[in-house]
Structures are given as C-alpha cells and as structure tokens.
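Residues per chain, in single letters:
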Amino acid sequence: MEDNASAPSGPAAAGLTGPAAAAAANAVTDDGRPGHLLGAADIRRIAASAGISPTKKFGQNFVIDPGTVRKIVREAGVEASTHVMEVGPGLGSLTLAILETGATMTAVEIDPPLAERLPHTVAEFMPEAADRLTVVLHDALTIQPADVPQFADGEPFRLVANLPYNVATPIVLTLLERFENLDSFLVMVQKEVADRLAAAPGSKIYGTPSVKLAWYGTAERAGVIGRNVFWPAPNVDSALVRFRRHTAGADGDAPGAGYDPAERRDVFALIDAAFGQRRKTLHAALKKMVPAAAFEAAGINPTRRGETLTIDEFVRLAHAVRTVAEAPADDAGTVAETTAEGAVSESTVA
C-alpha cells in the first residue's frame, strides 16, 4: 500500500514556521544522528545569496520539506555502507538527507551555479559529511562511467534522486544501460511517469518506458508526494518509484540479467516499432522486421498488439527473428516448429 504524502510532513505537518521550523529541521533524528536539513527559509536564502532561480529549462523544483527528503532516503534503504548517485541535487535538500545516513555519494548536476554552490551548502549545514560528497558537473544523459570514476570499481551503487520531470525516463534508462553496477533506484518523478514506469502489460499506460525498464529489473510505486513540498510548486503531482535490477545469480534467465548489449538492441528495436504504432497488430507494426515464421517460432499470435506483450515475450520474439534469419530457407519451417514447441513448454512450466 502506498503511503500518501500529499499532506505536509516534517515541520510543516506540525504547523511550525519560522525559527520553530528551522529548529525542527535541525533536530536530532530518532537514531541519534544530527539532522541539519534544509527548510523553506534556508532554500530561499541560499538561492538568493547565490543568485539562483529555478528554471524550467532544467525542470527545477526544489524540495523545501525535511520530512519529505527523509521519507525518500528511508524508502530507498540508504545506509552508511550505501554508495549513492544523486542526479539533479539542486540546492542540496535531498543531498543532506542522504549524507545524514553516513553514506558516500556523488551528485551529478548539469547547472554550473548549482554544482558550484552545493559543496558550500554541505560545508555550512553538515561539515562533518563534506568528505563523503563528490560533485560532478555533467549532463546525466551524456555521462559515461569514465566521467564518474567513483563507480568504476564495479561495486553496486544506488540512484536516489528527485529527477527533472522533463527528462526523468531517459535519465533512468540511460544510466541503467551505461552502468551495469547500478543495482537499484528510488526516484521521485511526475506521478503520470511513475504510473507508466511501473505499469503492467495490457493496461492503457503500459508502453515503451514500462517494458524497457522491465528488461533491466522490477519497478513499483513507492508513494505519492504532494505539490506543497516544492519551491516553486509544480503543476503536477509527484510519486516515488522503487526499482531493483535483475542479477544473473538471483534472477536466473530474467531479461537483462546477463548483460548482452546486442540482445538489448534487438529487443528494444522491436519494442520501439511495436509501440510506435500502438493500435496496430504486431503483424502490421512489425511487418518489416518480423517474418511470419518468427511469430510462429516464438509462439506469439501476430494479431495481438504490442501493449499486451510482456518483456519475456519481446525477448522470445527477438530470439526467434534471429534464429529464423540464421536458418537455411529449407529449414525455416522446422525451426519454427521446434521453437514454438519450446515456447509452449516454457509457458506450461511457468
């Protein structure tokens, strides 16, 4: 069940304002850690002193409620041993909440003034955590592992972020593609985007983002965030999405568990084509990519629509296309019959 956080939390929920709110934001947490987090007054002061204004270009809406960022960190399961990447740290609200746990983190920020200001904010509000923060000035959509050597050791890391709503889905998919050791994330996105990322096959909102994310792992909604905890307040509601990546050991033959870039490209090409003409049947949408023998080989009815296929079925179809293409013409029927029998057997076992 989702925890609806549309009502104010933290100092705001208690009806505190001014000095009382600031005191609550900097109170000691339940486990004894000092909580030097940012409230609304802090955010506006920092922005004014640095000459920073939220911009639509970068989709900037800064969280002004300590309770909300603590909720995000709690839902993400961040601990002192966690290595965290944050994309779009803004003025540092979530950054401080992550550092409060004792975690080590790298913040990736595209806006130069914000990237320059962030270390100063941490030094002011949580100086003991300054050496656990690295700030990288970069666009998350173009970042490569070489740009963040902090994650080059292959050890698992976690993405925890209030993502810019206009590019949230591309950022998530890009990072999963480029960083094999990104094993989980908890991100705040526009509510409609969260619904699509976690959607199941057959629903109206199931689409390209849903099935591509399913290639990498499993996603679920983790809560709703109201508009009143942001500055400026957005015109949409927000939600949290929790994700866990498939691993070869734990998830066996799950798509994406054994990282194969060539296979991913083939599968994603079918997904793009199938949802590019969403209302058409697979036969019509994929007629230039999938021969009839491949549908038969995969055990998939070509009169279905792409929105009904699971990621496993897209993978099976991609495999069938490759198998049929590699088989001699005289053997195509035999290949289709053999593969289809395998698909039926696999379905029965499942």
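Residues numbered from 1 in each chain as written. Predicted model: local features only at pLDDT ≥ 70, side-chain atom pairs only at ≥ 80, totals over all residues. Heavy atoms only, no water.

**Some thoughts on helix α4 (residues 66–76)**
Note on helix geometry: an α-helix contains 3.6 residues per turn, so any two residues three or four positions apart are oriented the same way. How we decide: Under the scheme applied here, a residue whose accessible area is under 20% of the maximum for its type counts as buried, over 50% as exposed, and between as partly exposed, the area being computed with a 1.4 Å probe on protein chains only. Secondary structure counts use DSSP, requiring at least four H or I residues in a row for a helix and at least two E residues in a row for a strand, with both numbered from the N terminus.
Of the positions making up α4, those classed as buried are Pro66, Thr68, Val69, Lys71, Ile72, Val73 and Ala76. Residue Gly77 follows α4 closely and has a positive phi angle near 70°.

**Quick notes on the environment of Glu128**
Looking at where Glu128 falls in the secondary structure, it is placed in the loop between α6 (112–125) and β5 (133–137). You can call Glu128 partly exposed: its relative accessible area is 47%. Distance in space between the C-alpha atoms of Glu128 and Gly102 is 9.8 Å, their sequence separation being 26 residues.

**Re the packing of helix α9 (residues 208–216) against helix α11 (residues 261–276)**
Spelled out, the test is: Geometry is summarised by axes, namely lines fitted to C-alpha atoms with helices restricted to the contacting stretch, and by angles between N-to-C directions that run from 0 to 180 degrees. Comment on the angle field: the value is read as roughly parallel under 35 degrees, roughly antiparallel over 145, roughly perpendicular from 65 to 115, and oblique elsewhere. Note on convention: the crossing is left-handed when the near helix lies turned anticlockwise from the far helix by less than a right angle, right-handed when the turn is clockwise. Two residues form a contact once any of their heavy atoms are found within 4.5 Å. Note on residue categories: nonpolar means Ala, Val, Leu, Ile, Met, Phe, Trp, Tyr, Cys or Pro, charged means Asp, Glu, Lys or Arg, and polar means any other residue, Gly included.
In the contact formed by α9 and α11, the axes pass within 10 Å of each other and the chain directions differ by 160°. Accordingly, the angle class assigned to the pair α9 and α11 is roughly antiparallel. Along this stretch, α9 crosses α11, giving a crossing that reads as right-handed. For the pair α9 and α11, the contacting residues are Thr208, Val211, Lys212, Trp215 and Tyr216 in the first and Glu263, Arg264, Val267, Phe268, Ile271, Asp272 and Phe275 in the second. Taken together, the residues that form the contact of α9 with α11 break down as 7 nonpolar, 1 polar and 4 charged.

**Thoughts on helix α14 (residues 311–326)**
Short version of the rule: The length a helix should cover is 1.5 Å for every residue beyond the first.
Relative to the 22 Å expected for 16 residues at 1.5 Å per residue, α14 spans 23 Å between its end C-alpha atoms, a close match to the ideal helical length. Along α14, the positions that sit buried rather than exposed are Ile311, Glu313, Phe314, Val315, Arg316, Leu317, Ala318, Ala320, Val321 and Val324.

**A short note on the packing of aromatic side chains**
Here is the rule: Any two of the Phe, Tyr and Trp rings considered here, Trp counted by its six-membered ring, make a pair once their centres fall within 6.5 Å; the pair's planes then place it as stacked at under 30 degrees, edge-to-face at over 60, or tilted in between.
The full count for this structure, using the stated rule, is 8 aromatic pairs. A centroid spacing of 6.2 Å and a plane angle of 45° characterise the contact between Phe62 and Trp231, whose relative ring orientation is tilted. Pair noted here: Phe62 is in strand β2 (residues 62–63) and Trp231 is in strand β9 (residues 230–231), with a separation of 169 residues, a long-range link. Centroid distance Phe151 to Phe157: 4.2 Å. Interplanar angle 35°. Geometry classified as tilted. Counting every residue linked through ring pairs, the aromatic cluster contains Phe151, Phe157 and Phe179.

**Things to note about the pairing of strand β3 (residues 83–87)**
Heads up, the condition is: Paired strands are those between which DSSP finds at least two bridges.
Most of β3 sits out of view: 5 of its 5 residues are buried. Across the two faces of β3 the burial is the same, with His83, Met85 and Val87 and Val84 and Glu86 all buried. Two strands pair when backbone bridges link them, and β3 and strand β4 (residues 104–109) are joined in this way by 5 bridges, in the parallel orientation. Its bridge partner lying in β4, Val87 is registered against Val108. Bridging between β3 and strand β6 (residues 157–162) involves 2 bridges; their strand directions are parallel. Residue pairing across strands places Met85 opposite Leu159, the latter belonging to β6.

Shape is all these values report; function is a separate question.
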